[in-house]
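Given next are the chains, with one letter for each unit.
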Amino acid sequence: MASVELSKVTKVFDKNVMAVDSADILIKDKEFVVLVGPSGCGKSTTLRMIAGLEDISSGTIRIGERVVNDVPPKDRDIAMVFQNYALYPHMTVYENMAFGLKLRKYPKKEIDERVKDAAEILGITTLLERKPKALSGGQRQRVAVGRAIVRKPQVFLFDEPLSNLDAKLRVQMRTEISKLHSRLGTTMIYVTHDQIEAMTMGDRIVVMKDGKIQQIDTPLNLYNNPINKFVAGFIGSPAMNFIEGRIIRNGGLHFKSGQLNLRVSSHHFDSLSNFLDRNVLLGIRPENIHEYAGPQDSEPFSEACCKVEVVEPMGNEIFLYLNTGQETIIARVNARSVPSVNADYRVGFEMGKAHFIDIQTEETIC
């Protein structure tokens, strides 16, 4: 097993295209770390540099105690699982899983033991004599993972391995990969553009945008304490609502935006006092906007009347798209009562759970 450390790792492609900009990441031994971000953010390039499939322009990559900048991929003691499975169509499942070990001239008995052990872990023992064309997408992905397991590498690398699967199978496979990490106790680095995958699988998450690391943290800390507007908006589904408005004094501090006049929570006072009479962004998650049921004991719970634009029933809850008079926000409310489209709907904002963001820097104020 091994840690993985990137120090100021940069990748510049031809024509000065900056793919990854001075990435600093320390992945501890046995940790499951997810790299997440939109297409083109540099996450797959970062993974490929760790694997040795992409040269780095500058910086240092360590696997364990060893600097691997100039070490070829086959000597880095890593195993990679790709998005497209990369199975040999003319080989059986057994032969696909054994192929890498045969190339390294492992004894036949050890190869057989490793392949059968991996097949049992993944529940594909009955598929060993089939060829890839006779397998479903989920079965092919299990074979690709099995081929990595038999290597017993120091580090597993996953490059969007579930993106070709249907929604139900994706949920099942991400659970299987999480169980696999617990069972094997191996360092795993996982790339995805799907923030739900990142939140449910990772011990820690690396959020990237435009080649730069935005924040590295646990899933809950990313969700509850985003460092900037991008992280706040990227993590969470439905996404966080952003409303531009002004901090004013009206007895206490208030956030004023069109017809919204929301009391600011006392624990935000100190941070927002420097923004008095200035515009800021209010960020509030859909689950922190509720149907208003009268004054609340919790401090503060501001209310406003909005117009219902769209109703999306989700079973035990409803997503409401509400017009504040200035913009549309999403509320995630209980499904007990379903309002009609175009109806007036009074909502309460849990201001103690709101975030305030500097419009100029897009960094979180509080």
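Relevant structure appears above.
**A short note on the overall build of the protein**
No. 1: Helix and strand content of the protein: nine helices and 20 strands.
No. 2: Projecting the C-alpha coordinates of the protein onto the three principal axes gives extents of approximately 80 × 45 × 40 Å.
No. 3: Counting contacts in the protein only where the partners sit at least 6 residues apart, residues at least 24 apart contribute 66% of the total.
No. 4: When the accessible surface of the protein is split by element, carbon and sulfur atoms take 47% of a total near 17400 Å².
No. 5: If the 46 positive side-chain charges of the protein are averaged to one point and the 45 negative ones to another, these points end up 7 Å apart.

**Brief notes about helix α4 (residues 137-149)**
No. 1: Helix length check: α4 (13 residues) gives 18 Å between terminal C-alpha atoms against 18 Å at 1.5 Å per residue, within 8%.
No. 2: Burial of α4 is extensive: ten of the 13 residues sit out of reach of the surface.
No. 3: Turning to α4, its buried residues are Gly138, Gln141, Arg142, Val143, Ala144, Val145, Gly146, Arg147, Ala148 and Ile149.
No. 4: Check the buried side of α4 and you find it contacts β6 (78-81), α2 (93-103), α3 (108-122), β7 (155-159) and α5 (167-184).

**Overview of the pattern of salt bridges**
No. 1: Under the definition given, this model contains 15 salt bridges.
No. 2: We note a salt bridge from lysine 8 to aspartate 24, for which the minimum N-O separation is 3.1 Å. Of this pair, lysine 8 sits in strand β1 (residues 4-13) while aspartate 24 sits in strand β2 (residues 17-27), and the two are 16 residues apart along the sequence.
No. 3: Residue classification places aspartate 24 among the partly exposed residues on the basis of a relative accessible area of 35%.
No. 4: The closest approach of N and O atoms between arginine 332 and glutamate 317, which form a salt bridge, is 3.1 Å. With a gap of 15 residues between them, arginine 332 in strand β18 (residues 328-334) and glutamate 317 in strand β17 (residues 317-323) connect regions that are remote in the sequence.
No. 5: Using a relative accessible area of 25% as the deciding quantity, one classes arginine 332 as partly exposed.
No. 6: Several salt bridges converge on common partners, so that one network encompasses Lys11, Arg48 and Glu54.

**Comments concerning the environment of glutamate 363**
No. 1: Structurally, the position occupied by glutamate 363 is in the segment after β20 (355-357).
No. 2: When the C-alpha positions of glutamate 363 and alanine 232 are compared, they lie 9.9 Å apart, and in sequence the two are 131 residues distant.
No. 3: If sequence neighbours within four positions are ignored, glutamate 363 has contacts with Ile227, Asn228, Ile357 and Asp358.

**A look at the packing of α2 against α3**
No. 1: Across the interface, α2 lies against α3 with an axial gap of 10 Å and an inter-helix angle of 135°. Here α2 lies oblique to α3, going by the angle between them. Once α2 is placed against α3, the crossing between them reads as right-handed. Where α2 approaches α3, its residues Tyr94, Met97, Ala98, Leu101 and Lys102 are matched on the opposing element by Ile111, Asp112, Arg114, Val115, Ala118 and Ala119.
No. 2: Considered class by class, the residues forming the contact of α2 with α3 number eight nonpolar, no polar and three charged.

**Some remarks on the nonpolar core**
Considering soluble globular proteins, one finds that nonpolar side chains tend to be buried as a cluster.
No. 1: Membership of the largest hydrophobic core comes to 47 residues, with the highest contact counts inside it found for Met97, Val115, Phe158, Tyr190 and Val207.
No. 2: Dropping the residues within four chain positions of it, tyrosine 190 is found in contact with Phe32, Val33, Val34, Leu35, Phe158, Pro161, Leu162, Ile177, Glu197 and Met201.
No. 3: Core analysis: the next-biggest nonpolar cluster, separate from the first, contains 31 residues, Leu272, Ile289, Val333 and Ile365 among them.

**Regarding the pairing of strand β14 (residues 279-284)**
No. 1: Taken across its six residues, β14 has five buried, putting it largely inside the fold.
No. 2: The pairing of strand β11 (residues 241-250) with β14 spans six bridges and is antiparallel. Following the sheet pairing, arginine 246 is matched in β14 by asparagine 279.
No. 3: Inspection of the sheet shows β14 paired to β20 by three bridges, in the antiparallel sense. Across the sheet, the residue bridging to leucine 282 is phenylalanine 356, located in β20.

**Structural notes on the pairing of β6**
No. 1: Side chains Ile78 and Met80 project from β6 onto one buried face, and the interleaved Ala79 and Val81 project onto a second face that is buried too.
No. 2: One ladder, built from four bridges, connects β6 with β7; its direction is parallel. Across the sheet, residue methionine 80 finds its bridge partner in β7, namely leucine 157.

How each quantity is defined
Residues numbered from 1 in each chain as written. Predicted model: local features only at pLDDT ≥ 70, side-chain atom pairs only at ≥ 80, totals over all residues. Heavy atoms only, no water. Helix = DSSP H or I, 4+ residues; strand = E, 2+ residues; numbered from the N terminus. Contact = heavy atoms within 4.5 Å. Areas by Shrake-Rupley, 256 points an atom, 1.4 Å probe, with all protein chains shown as cover. Lys, Arg positive; Asp, Glu negative; His and termini not counted. Charge placed at Lys NZ, Arg CZ, Asp CG, Glu CD. Expected span 1.5 Å × (residues − 1). Buried < 20%, exposed > 50% of the residue type's maximum accessible area, 1.4 Å probe, protein only. Salt bridge = Lys/Arg side-chain N within 4 Å of Asp/Glu carboxyl O. Axes fitted to C-alpha atoms, helices over the stretch in contact; angles between N-to-C directions. Parallel < 35°, antiparallel > 145°, perpendicular 65-115°, else oblique. Left-handed = near helix turned anticlockwise from the far one by under 90°. Nonpolar A, V, L, I, M, F, W, Y, C, P; charged D, E, K, R; others polar. Core = buried A, V, L, I, M, F, W, Y, C linked by side-chain atoms within 4.5 Å. Pairing = 2+ DSSP bridges.

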